[in-house]
Amino acid sequence: MNKLIIANWKMNPASIAEAEALAKATDYENLVICPPFPFLSVVASVIKKAQLGAQDLFWEGPTGPYTGEVSAAELKNLGVKYVIIGHSERRKNLGETNEVIAKKVVAAVNEGLIPIICVGETWEQKIADEKEIVLSDEIRAGLGALAKLEGCENKNIYIAYEPIWAISTSGRGVADHPGDTIVTIGFIKKLLERLNYKLDNHFIYGGSINSKNAAEFLKHEEIEGALVGGASLRPEEVAAILAVNE
Ligand code: PGA
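Reading guide: rules and limits
- Residues numbered from 1 in each chain as written.
- Predicted model: local features only at pLDDT ≥ 70, side-chain atom pairs only at ≥ 80, totals over all residues.
- Heavy atoms only, no water.
- Buried < 20%, exposed > 50% of the residue type's maximum accessible area, 1.4 Å probe, protein only.
- Helix = DSSP H or I, 4+ residues; strand = E, 2+ residues; numbered from the N terminus.
- Pairing = 2+ DSSP bridges.
- Near = heavy atom within 4 Å.
- Polar contact = N/O pair within 3.5 Å; in protein donor to acceptor, adjacent residues only side chain to side chain.
- Areas by Shrake-Rupley, 256 points an atom, 1.4 Å probe, with all protein chains shown as cover.
- Nonpolar A, V, L, I, M, F, W, Y, C, P; charged D, E, K, R; others polar.
- Core = buried A, V, L, I, M, F, W, Y, C linked by side-chain atoms within 4.5 Å.
- Contact = heavy atoms within 4.5 Å.
- Arc of directions from axis to C-beta.
- Salt bridge = Lys/Arg side-chain N within 4 Å of Asp/Glu carboxyl O.
- Expected span 1.5 Å × (residues − 1).
- Bend = angle between axes of the 7 residues up to and from the residue.

K.L.:
Would you mind showing me how to read the pairing of strand S8 (residues 225-228) here?
P.N.:
On a regular strand, each side chain points to the face opposite its neighbour's, so the side chains alternate between the two faces of the sheet. Along S8, one buried face is formed by Gly225 and Leu227 and the opposite face, lined by Ala226 and Val228, is buried too. Where strand S1 (residues 4-8) lies against S8, 4 bridges are found, and the strand directions are parallel. The residue of S8 that forms the bridge with isoleucine 6 is leucine 227. Across 2 bridges, strand S7 (residues 200-206) lies against S8 in parallel orientation.

K.L.:
Explanation requested: the site of the ligand in the structure shown.
P.N.:
If you check the shell around the ligand, you find Asn8, Lys10, His87, Glu162, Ile167, Ser168, Gly207, Ser208, Leu227, Val228, Gly229 and Gly230 and nothing else. In this structure, serine 168 approaches the ligand through a side-chain N or O atom, which is 2.4 Å from an oxygen atom. Look at the ligand: alone it shows 280 Å² of surface, and the protein chains cover 99% of it. Tallied by class, the residues present in the shell around the ligand amount to 3 nonpolar, 7 polar and 2 charged.

K.L.:
Quick question: what am I supposed to make of the nonpolar core here?
P.N.:
Nonpolar side chains in soluble globular proteins tend to be buried together. Counting 63 residues, the largest nonpolar core has Val43, Leu57, Leu75, Leu143 and Ile188 as the members making the most contacts within it. A total of 6 residues in this core trace back to one element, the largest contributor, which is helix H5 (residues 98-110). Beyond its immediate chain neighbours, meaning those up to four positions away, valine 43 contacts Trp9, Ala19, Ala23, Ile33, Pro35 and Leu52. In this structure, Val32, Cys34, Ile84 and Tyr158 belong to the second largest nonpolar core, which totals 13 residues.

K.L.:
Would you take a moment to explain helix H10 (residues 235-244) for this structure?
P.N.:
Because an α-helix completes one turn every 3.6 residues, residues spaced three or four positions apart along the sequence face the same direction. Every buried residue of H10 is accounted for by Glu237, Val238, Ile241 and Leu242. When H10 is viewed along its axis, its buried side chains cluster within an angular range of 130° and face the same direction. Its buried side turned inward, H10 meets S1, strand S2 (31-34), helix H9 (214-218) and S8.

K.L.:
Sorry, what's going on with the environment of cysteine 118 here?
P.N.:
By the element assignment, cysteine 118 lies in strand S5 (residues 114-119). Residue classification places cysteine 118 among the buried positions, given a relative accessible area of 2%. A sequence separation of 18 residues divides cysteine 118 from serine 136, and the C-alpha atoms of the two residues are 13 Å apart. Excluding residues that lie within four positions of it along the chain, cysteine 118 makes contacts with Ile84, Ile85, Gly86, His87, Arg91, Ala160, Glu162 and Leu227.

K.L.:
Would you take a moment to explain the pattern of salt bridges for this structure?
P.N.:
Close approach of charged atoms lets side chains of opposite charge pair. The final tally for this structure, using the stated rule, is 8 salt bridges. Linking arginine 91 and glutamate 138 is a salt bridge whose minimum nitrogen-to-oxygen distance equals 3.6 Å. In this pair, arginine 91 sits in helix H4 (residues 88-94) while glutamate 138 sits in helix H7 (residues 131-147), placing the two residues 47 residues apart along the sequence. Of the two residues, arginine 91 and glutamate 138, neither departs from the other in class, the shared state being buried. Residue lysine 104 is joined to glutamate 96 by a salt bridge in which the shortest nitrogen-to-oxygen separation is 2.5 Å. Each member of the pair, lysine 104 together with glutamate 96, is buried. Connected through shared salt-bridge partners, Asp56, Arg90, Glu96 and Lys104 make up one network.

K.L.:
Where do I start with H7 in this structure?
P.N.:
Here H7 spans 23 Å end to end across 17 residues, near enough to the 24 Å set by a 1.5 Å rise per residue. Maximal helix bending in H7 amounts to about 25°, located at alanine 141. For H7, the full list of buried residues reads Lys131, Val134, Leu135, Ser136, Glu138, Ile139, Gly142, Leu143, Gly144 and Leu146.

K.L.:
Sorry, what's going on with the side chain of serine 232 here?
P.N.:
Counting through the fold element by element, serine 232 comes out in the loop between S8 and H10. In this structure serine 232 comes out as buried when scored by relative accessible area, which is 2%. Here glycine 229 takes part through its backbone oxygen, which lies 2.7 Å from a polar atom of the side chain of serine 232. Other than its neighbours up to four places away in sequence, serine 232 contacts Ala7, Asn8, Trp9, Leu22 and Val238.

Below is the structure:
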């Protein structure tokens, strides 16, 4: 299938030795490994088939007085190709707004990094039938600035539909139904068409993906890949997910 599988390690593991071992054990084609910032170098130095991703970036740069932040240029210089932006855990824990996310998306694209923009609703929003409103807001704001950029046409963008309630650790830990994911992706595609965003959009799913359910999602052409959190820390799970993807 050759779909893109993105390993979001989140704030794991605790040591450089463990990060090195995990990267070596999960070095596959079609896998993007997104370790915490301190481990980007070591992962870059050991992977031969996988690609390197980051979990966030700052919109200013290439350098400057921004304590604790990391610029798109710094990531690029480390060999990073992809960057996750707007993950729900950052929106929730750090108060990241759609406006902040929009600036990060522009910074990534300007530096030639491929953004993986996370969107998704909470359980409360889902049962209140507010999913489409939430997704519209996130997409209009997240991509709006990009649409105004000169020369942004044909830029590679990944949109990760990640229902917050489906995330294994910070949500309820139950994956979406693949049929519902396809309907939601269809909704996002129509929205982008209406907004006339001429980007090279790709749509992936995230939320409790593991070796048992990966095939159910990846077999559908509408789902072009998966964002994997918890299972990406277990080499045997990564191997099984990648085997489905062959
Ligand atoms: P999960 O996390 O696979 O553990 O549900 C996905 C994510 O939060 O990106």
